[in-house]
Amino acid sequence: MTVFTKLTGAAAALAVSATGALADPAIIFDLGGKFDRSFNEAAYNGAERWAEETDGSYREIELQSDAQREQAMRRLAEAGANPVVMAGFSQASSLEVVAPDYPDTTFVIIDGVVDAPNVRSVIFREEQGSYLVGMLAAMASETGTVGFVGGMDIPLISRFGCGYAQGVRAVDPDATIIQNMTGTTPAAWNDPVRGGELTRAQISQGADVVFAAAGGTGLGVLQTAEDEGIFGIGVDSNQNHLHPGSVLTSMVKRVDVAVYDAFSTPVDEIETGVHFFGLAENGVGYAVDEFNEELITEEMMAEVEAARDAIIAGEISVHNYSEDGTCPVE
Amino acid sequence: MDLSTVILLLDSSVRLATPLLLACLAGLFSERAGIIDIGLEGKLLIAAFFSASAAAYTGNVWLGLLAGVAASMVFAGLHGLASITFRGNQLISGVAINFLAAGMTVVIGESWFALGGRTPQLEGAGRFHNITLPFAEAAQGVPFIGPIYHDLISGHSILVYVGFLMVPLTWWVLFRTRFGLRLRAVGENPAAVDTAGVSVVGMRFTAVLIAGVLCGIAGAYLATGLSAGFVKDMSAGRGFIALAALIFSKWRPWYALMACLLFGLLDATGSLFQNIQVAGISVPVQFMQALPYILTVVILAGFVGKAIPPKAGGTPYVKEQ
């Protein structure tokens, strides 16, 4: 009986989606997995919030390997899912191939740019948020040396690193910034052991604040930071609660809002093209909550807020690494 | 490069070499008894998962270690059952164990914790913390020896010391006891051992189970010592590198220690020196990260010489009818 109800339910759902009016949205998570406590989890939270508020349902695919990307996109598009949201820069090259084949499906890609009439590209101004946490790092540092652990040596991650470095230098022009990357394969986003080793290496070079922009690898960075009694800075999701008192702040990237917006806007009203989310749009920022409010003093807060306003007003311009592939500060 | 950098590098090498060393010794026991074990990777992984899970549930890392060792022994028993009792192909059984572990850990983890195959972060008594050896603080001021003792020898998790003590123990058991003589004989000429009235099946099972225990400790160290919880596929090929180290060392315990330390050193170098300037040109990060693997190939292809495995390795023993 239950099987029968499920079957009829499925048939009904198919019939509805065939008309195209009430198609379920879908999301494809990147290799870190949807519970990476970071980027993908933020996307997942956005989708869940939409599902709770609207009582709707959505389809999801969690990629296990690079080879599945294109196949996953085609499967969702052919099943009538609309819009299809893709979390992660690595999906851009596959989407370039797939998007023209499904002109009636709207695709939303986060962190990547695909030039097609049915694609909405969402780009976060990571350099702006990283600039602010860089300022906080420099103010919290006693040694004048801060660290950065990135996932891979790619423009997206360099954008974090470059913004961070600019923020650090804005507070302390003589500060030393140690930058390391975890690896060259997708495993680099999920290797906490190596993250911990890199952090230890940076600590031995004098770093006492380390910013991790490396997905699941960052968990190892934050863990080691707590073990060694220094500050860590989380990324993408608010990670302050992971190690209360040791995570200085988190560079939050409102991936959840981007996903939520894509899901809740009627499909034919989704604006395609490239959209930027920076400080002004509340797309990025630094997290202050009950777990780290004691670490951020009022002076620090005041200075960072002033910088935030200045960036929004255009008085401070934070260099974007992706524009020319270089960073003004080392 | 000053002393503190060298110590830092060696310190990191020791941490990274320990899981390799334990897994390598596990392979040593198994292969010396004539059972080829390419399931080291799978046993590491399953032990890492169960040790982290048990430690997360009970909050006691020793129970975690116990659970990890038990899980690894179950898999070792499976390998023994397939390749000793049923005389199956040892390579296939090993591959099966690797696949089984990779899949099971994520499925069970997802159903227990719903964290995408991850276990909760371990805290407090749920982890192996670094221990400070006696007099480490006092000796810190002594030039040269002080920093070496304080920073390099002291301040590791207890499992690191267990791993290093296993080397002389393994050597002693294999080369100085009657049990060891029989174990090696089973791997070279099982028929002779059988003639002497010793059970070949019994000896081989014992060896495989010892391998299970050692892999269990290695996996537990990975999940509860080196990091604070299990992450899917966290063994990251270490079981296979241990296998390479085993061949490199030609199935001898002291050489195994050297080989594992070398691989640990290569790994540590890759993460410590990312931005090196050679003659004014900065070496790309990618090259530094690939270096351990390049050197592995070079070493294995060029410097090992002839590695002769135990004679009866890979062939199941059939009593003459």
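K.L.:
Please clarify how the overall build of chain B should be interpreted in this entry.
P.N.:
When helices and strands are counted, chain B shows 13 helices and 4 strands. Its C-alpha radius of gyration of 20 Å places chain B within 12% of the 20 Å reference for a compact globule of 321 residues. Over its C-alpha atoms, taken along the principal directions, chain B stretches across nearly 70 × 50 × 40 Å. Taking all 321 residues of chain B together, the buried fraction comes to 49%.

K.L.:
What is the right way to read the interface of chain A and chain B from this model?
P.N.:
In this complex, chain A contributes 24 residues to the contact, which on the side of chain B involves 17 residues. Elements that contribute at least two residues to the side of chain A that touches chain B include exactly β7 (176-183), α7 (192-204) and α8 (217-227) of chain A. When residues in the side of chain A that touches chain B are grouped by element, the largest group, 9 residues, is from α7(A). Of the residues assigned to the side of chain A that touches chain B, the class counts are 8 nonpolar, 10 polar and 6 charged.

K.L.:
What is the right way to look at the environment of I153(B) in this model?
P.N.:
Residue and element names in this part refer to chain B. Mapping I153 onto the fold places it in helix α6 (residues 145-153). For I153 and I210, which are 57 residues apart along the polypeptide, the C-alpha to C-alpha distance reads 27 Å. For I153, the residues in contact, after removing those within four places along its chain, are L133 and I148.

K.L.:
Explain the sheet that holds strand β10 (residues 247-253) of chain A here, please?
P.N.:
Working definition: the strands of a sheet are paired by backbone hydrogen bonds and lie parallel or antiparallel to each other. Residues and elements named next belong to chain A. Pairing in this open sheet of 6 strands is mixed, and the strands run β7-β6-β8-β9-β10-β12 from one edge to the other. Two strands close off the open sheet at either side, each with one partner strand: β7 and β12 (284-286). Averaged over all adjacent pairs, the angle separating strand axes in this sheet is 15 degrees, with direction ignored. Across 4 bridges, strand β6 (residues 145-152) lies against strand β8 (residues 209-213) in parallel orientation. Bridging across to β8, G147 finds its partner in V210. Sitting on the sheet, helix α5 (residues 126-140) touches β6, β8, β9 (231-236), β10 and β12, and the angle it makes with β10 is about 170 degrees.

K.L.:
Even after reading the chapter, I still don't get the pairing of β6(A), so can you show me in this structure?
P.N.:
Two faces belong to every sheet, and in a regular strand the side chains alternate between them. Residues and elements named next belong to chain A. Summarising burial for β6: 7 of the 8 residues are buried, a large majority. Bridge count between β6 and β7: 7 bridges; the pairing is parallel. Within the sheet, the bridge partner assigned to T145 lies in β7 and is T176.

K.L.:
Can you walk me through the domain arrangement of chain A in this structure?
P.N.:
Bring the parts together and some accessible area is lost; that lost area is often taken as the interface size. All names here are of chain A. You can read the domains of chain A as domain 1 (2-125 + 256-277) and domain 2 (126-252 + 284-324). Relative to domain 2, the C-alpha centre of domain 1 lies at a distance of 30 Å. With 14 residues of domain 1 at the interface, the matching set in domain 2 holds 16 residues. The dominant element in the side of domain 1 that touches domain 2, judged by the number of residues it contributes, is helix α2 (residues 39-54), at 3 residues. When the residues that make up the side of domain 1 that touches domain 2 are grouped by side-chain class, the tally is 6 nonpolar, 2 polar and 6 charged.

K.L.:
Would you take a moment to explain the sheet that holds strand β2 (residues 59-62) of chain A for this structure?
P.N.:
All names here are of chain A. Taken together, 6 strands build an open sheet; the order of strands is β2-β1-β3-β4-β5-β11 and the sheet is parallel. Each edge of the sheet is formed by a strand with only one pairing partner; in this case those strands are β2 and β11 (273-277). Neighbour-to-neighbour, the strand axes of the sheet open up by a mean angle of 15 degrees, direction not taken into account. Relative to strand β5 (residues 119-124), strand β4 (residues 107-110) is paired through 4 bridges, and the arrangement is parallel. Opposite V108, over in β5, you have R120 as the bridge partner. Seen against the sheet, α2 touches β1 (26-29), β3 (84-87) and β4 and runs at an angle of roughly 165 degrees to β1.

K.L.:
Is there a simple way to explain the pairing of β10(A) in this structure?
P.N.:
All names here are of chain A. Of all 7 residues making up β10, 7 are buried, and the element is well covered by its neighbours. In this structure, β9 lies alongside β10, joined through 5 bridges in parallel fashion. Residue pairing across strands places V235 opposite M251, the latter belonging to β10. When β10 meets β12, the two strands line up antiparallel, connected through 3 bridges. Of the residues in β12, the one forming a bridge with M251 is Y286.

K.L.:
Is there a simple way to explain the packing of helix α2 (residues 40-58) of chain B against helix α10 (residues 200-226) of chain B in this structure?
P.N.:
Packed helix pairs are characterised by how far apart their axes lie and by the angle those axes make with each other. Residues and elements named next belong to chain B. Direction vectors running N to C along α2 and α10 enclose 55 degrees, while the axes themselves pass 7 Å from each other. In terms of orientation, α2 and α10 fall into the oblique class. Regarding α2 and α10, the two cross each other, and that crossing is right-handed. Contacts between α2 and α10 involve L40, K43, L44, L45, I46, A47, A48, S51, A52 and A55 from the former and G212, C215, G216, A218, G219, A220, L222, A223 and T224 from the latter. Here the residues of the contact of α2 with α10 sort into 13 nonpolar, 5 polar and 1 charged.

K.L.:
What exactly am I supposed to notice about helix α13 (residues 285-302) of chain B here?
P.N.:
Helical geometry note: an α-helix holds 3.6 residues per turn, so side chains three or four residues apart project in the same direction. With 18 residues, α13(B) extends 25 Å from end C-alpha to end C-alpha; this agrees with the ideal 26 Å at 1.5 Å per step. Along α13(B), the helix axis deviates most sharply at L291(B), where the bend reaches about 45 degrees; the proline P292(B) sits within four residues downstream. Within the sequence span of α13(B), burial applies to V285(B), Q289(B) and P292(B). Those residues of α13(B) hidden inside the fold are in contact with β7 of chain A together with α12 (253-272) of chain B.

Quick notes on the rules
Residues numbered from 1 in each chain as written. Chains lettered and ligands numbered in written order. Predicted model: local features only at pLDDT ≥ 70, side-chain atom pairs only at ≥ 80, totals over all residues. Helix = DSSP H or I, 4+ residues; strand = E, 2+ residues; numbered from the N terminus. Rg over C-alpha atoms; globule rule 2.2 N^0.38 Å. Buried ≥ 20, exposed ≤ 12 C-beta atoms within 10 Å, placed from the backbone. Contact = placed C-beta atoms within 7 Å. Nonpolar A, V, L, I, M, F, W, Y, C, P; charged D, E, K, R; others polar. Pairing = 2+ DSSP bridges. Axes fitted to C-alpha atoms, helices over the stretch in contact; angles between N-to-C directions. Domains from an automatic or database assignment. Parallel < 35°, antiparallel > 145°, perpendicular 65-115°, else oblique. Left-handed = near helix turned anticlockwise from the far one by under 90°. Expected span 1.5 Å × (residues − 1). Bend = angle between axes of the 7 residues up to and from the residue.

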